[in-house]
Amino acid sequence: MTSATAERVHRTGPAAGRGRRRHVAWLLIAGVALAAINLRTAITSVGPLLDEVSAGLGMSTTVAGVLTTLPVLCFAAFGAATPALIRRFGEHHVLVAALAALTAGLAARVLFGDPWTFLALSAVALSGGAVGNVLLPTLVKQHFPERVGTMTTLYTTALAAGTTMAAAATVPVFDATGSWRTALGMYAVFGLIAAVPWVLVLRHEPAKQDPAQATSLRTVLGTAMGWQSVLFFGTQSTVAYIMFGWFAQMLRDQGMSAGGAGLALSLLTALAVPTSLVLPGLMARARDHRGYVAFFYVCYVLGLGGLWIAPTSGVWVWTVLIGMGMGTFTLALTFFAVRTRTPAATAAMSASSQSLGYLMGGLGPFLFGLLHDVSGGWHAPLALVAVLVTGNMVVGMFLGRPRFLEDALERRAARAAARTGASG
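Residues numbered from 1 in each chain as written. Predicted model: local features only at pLDDT ≥ 70, side-chain atom pairs only at ≥ 80, totals over all residues. Heavy atoms only, no water.

This is how it is decided: UniProt positions are given in the numbering used here, feature names are shortened, and annotations may be inferred rather than shown by experiment.
Naming follows an unreviewed UniProt entry, where the protein chain appears as MFS transporter of Nocardiopsis endophytica. You can read under Subcellular location (unreviewed entry) in the UniProt record for the protein chain the words "Cell membrane".

Shown next, in the form of C-alpha cells:
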C-alpha cells in the first residue's frame, strides 16, 4: 500500500464511521417518533365508533365495558413485564416484537365477527403499546443521554399527536368508507411503518445488561422515590381518564350542545401537544422541578373551581386551564429520565410507575360516575378530582426535588448491608 493510499484510508475510515453513526442516529430518532405515534391508536380509535363496533359484533354492554377497561389492564400487566423482557432479549428486539404485536393485533381484530376474538386481538395490540410505553423513556436514556430533553419532547409530542390523530380521523374515515373495520384496521399500517427503522438498527443494539446489575421493580418499590413516582403517575392518570370519559357529558348536562361538548373535549386533549413541545426541554435544563408541579396544580384548581362555580359562562377558560393542568402526564413521563442516571433504572421506574399507575387510572371513571349517581349532581365528583389533583401535587413536591433513584437504591443497599453485618 502506498503512502497516498494509506493516507486516504486514514482519512476516509473515520469519516465513514462518523457517517454510519449519523445514519444510525437518524434512524433512532425516526424510530422513537414513529413508535410513539402508535402507542395509543389501539385505544383512542375505538371510542368514537364504540356503538358501531358493538352493533357490528353483537357486543353486549358488559363486553363493551370490558373493551373500555382492557387498556389499563394490559398497560399494567405487560408494562410490569417489560424490564424482564429487556434483560432477556435486549431493548431493540423487544420493541420490534412489541410493534409487530401492535400491528398484528390491529390488523387481525377487524377480520373477525366474534366479540371475544376482537377482545383477545385487542389485547395483543395493547400489549405492544404497553411495552412501548416503558421502552421509549429507556431508549431515550440509552441512546441520547446528552439530549434527554430534546428526545423526550419528540416522543411525548408524537405520542400526543398520535392520540389526537386516532381520535379525530377515525370517524371521517368511517363516514367516507361506511366500514368501521376499515376505519380501525388502517392504523396497522402506521405500526408497520414504525417497525422499519428498528429492524434496520437491530445489529446496532447495545450489549444486553448483566443480570446482576439489573434494577427490579421490587427494588424500586422499596424506595420512597419509587412510590412517589407510582402515586404521581397514578393520580394524574386517574384524573386524565375521568376527564376523557366524563368531561363532555358533564358539559352537556350543564346545557351545552353535543357538538360544543365534543369540541371542548378535543381542545382539552389537544393542549397536550404544546405542553409536550415545551416541558421536557425545560425540565432537562433544571434540577428542581417543584415549580412545574405547583404551576399545573394552580391550573387545575382554577379550572375545577370555575366548573364548580360557573360551569357554563366560562367553560372555554375552564377547559383551557384543566387541559394545561393535564400537562402532569408529560411531567410524569419526563421524571423517568431526569430522576435516573442509567437506562436500567429508567426502565424499572417507568415500568413500576406505569403498571401500578394505570391500574389506579382505571378506577377513576367508575368512582366519578358512582359519585354522580349517588349525589345526583357534579359537585361531589368534582370534589373527588380536587382531592386527586391535590394528592398529585403533594407527591409531586417530593418527587420534584433534585435527586436520583440510584442514590436511593444505594442508600437502601447500604442499610441492608449494615443490618446484615450487625446481625452477623
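Regarding the nonpolar core
Here is the rule we go by: Only buried residues count toward a nonpolar core, which is a set of Ala, Val, Leu, Ile, Met, Phe, Trp, Tyr and Cys residues joined through side-chain atoms within 4.5 Å. Whether a residue is buried, partly exposed or exposed follows from its accessible area with a 1.4 Å probe, protein chains only, as a fraction of its type maximum: under 20%, in between, or over 50%, in that order. Should any heavy atoms of two residues lie within 4.5 Å, those residues are considered in contact.
One finds Trp180 and Trp198 to be the most contacted residues of the largest nonpolar core, which totals 80 residues. Look past the residues within four positions of Trp180 in its chain and what remains in contact with it is Leu49, Glu52, Val53, Gly56, Leu57, Val110, Phe118 and Phe174. Val239, Ile322, Trp378 and Val389 belong to the second largest nonpolar core, which has 26 residues in total.

Overview of empty space enclosed by the protein
Filter applied, for reference: Buriedness of a pocket was judged along seven lines, with at least five required to meet protein on both sides within 12 Å; pockets are open sets of points on a 1 Å grid over the protein atoms alone, cavities are sets where a 1.4 Å probe fits but cannot get out, and lining residues have an atom within 4 Å of a point. Grid points are joined across faces, edges and corners, and a volume is the space filled by probe spheres set on the points. Each helix corresponds to a stretch of at least 4 residues labelled H or I by DSSP, and each strand to a stretch of at least 2 residues labelled E; elements are numbered beginning at the N terminus.
Enumeration over the complete set of coordinates arrives at two cavities of 30 Å³ or more. Roughly 40 Å³ of internal volume is contained in the largest cavity. Lining the largest cavity, in full, are Leu39, Arg40, Gly132, Asn133, Leu136, Tyr155, Leu159, Phe329, Leu333, Gln354 and Tyr358. If you list the elements that add at least two residues to the lining of the largest cavity, you get helix H6 (115-143), helix H7 (148-177), helix H16 (328-338) and helix H17 (343-375). Broken down by element, the lining of the largest cavity gets its largest block of residues, three residues, from H6.

Examining the packing of aromatic side chains
Two aromatic rings, taken as a pair, are described by how far apart their centres are and by the angle between their planes. We count it as follows: Planes of paired rings set the category: under 30 degrees apart is stacked, over 60 is edge-to-face and the rest tilted, where pairs are Phe, Tyr or Trp rings (Trp by its six-membered ring) whose centres lie within 6.5 Å.
Using the criterion set out here, one finds twelve aromatic pairs in the structure. Put simply, the rings of Phe75, Phe233, Tyr241, Phe329, Phe336 and Tyr358 touch in pairs and so form one group of aromatic residues.

Things to note about H16
By the criterion of burial, H16 is predominantly enclosed, with ten of the eleven residues buried. Among the residues of H16, those classed as buried are Thr328, Thr330, Leu331, Ala332, Leu333, Thr334, Phe335, Phe336, Ala337 and Val338.

Some thoughts on the side chain of Thr223
Put simply, the rule is: We define a polar contact as two N or O atoms separated by no more than 3.5 Å, with the added condition that, inside protein, one atom must be a possible hydrogen donor and the other a possible acceptor, whereas residues neighbouring each other in sequence contribute only through side-chain atom pairs.
Note on placement: Thr223 falls in the loop between helix H10 (217-220) and helix H11 (224-253). Of the polar contacts made by the side chain of Thr223, one reaches the backbone nitrogen of Gly226; its length is 3.0 Å.

Focus: the layout of surface pockets
For clarity, the cut-off: Each residue is assigned to one of three groups, with Ala, Val, Leu, Ile, Met, Phe, Trp, Tyr, Cys and Pro labelled nonpolar, Asp, Glu, Lys and Arg labelled charged, and all others, Gly among them, labelled polar.
Volume-wise, the second largest pocket comes out at about 320 Å³. Every element with two or more residues in the lining of the second largest pocket is listed here: H7, helix H13 (272-284) and H16. For the lining of the second largest pocket, the per-class residue count stands at nine nonpolar, five polar and eight charged.

Observations concerning the pattern of salt bridges
Here is the rule: For salt bridges, the criterion is a side-chain nitrogen of Lys or Arg within 4 Å of an Asp or Glu carboxyl oxygen.
Evaluation of the coordinates by the stated rule reveals two salt bridges. Put simply, Asp288 and Arg290 hold a salt bridge, and the shortest N to O gap is 2.5 Å. Residue Asp288 is classed as partly exposed on the basis of its relative accessible area, which comes to 32%. For Arg341, the salt bridge is made with Asp407, and the minimal N-O distance between the two is 2.8 Å. Placement of Arg341 in the loop between H16 and H17 and of Asp407 in helix H19 (residues 405-423) is noted, with a sequence separation of 66 residues between them. Overall, the relative accessible area of 45% leaves Arg341 in the partly exposed class. By relative accessible area, Asp407 is classed as partly exposed at 22%.

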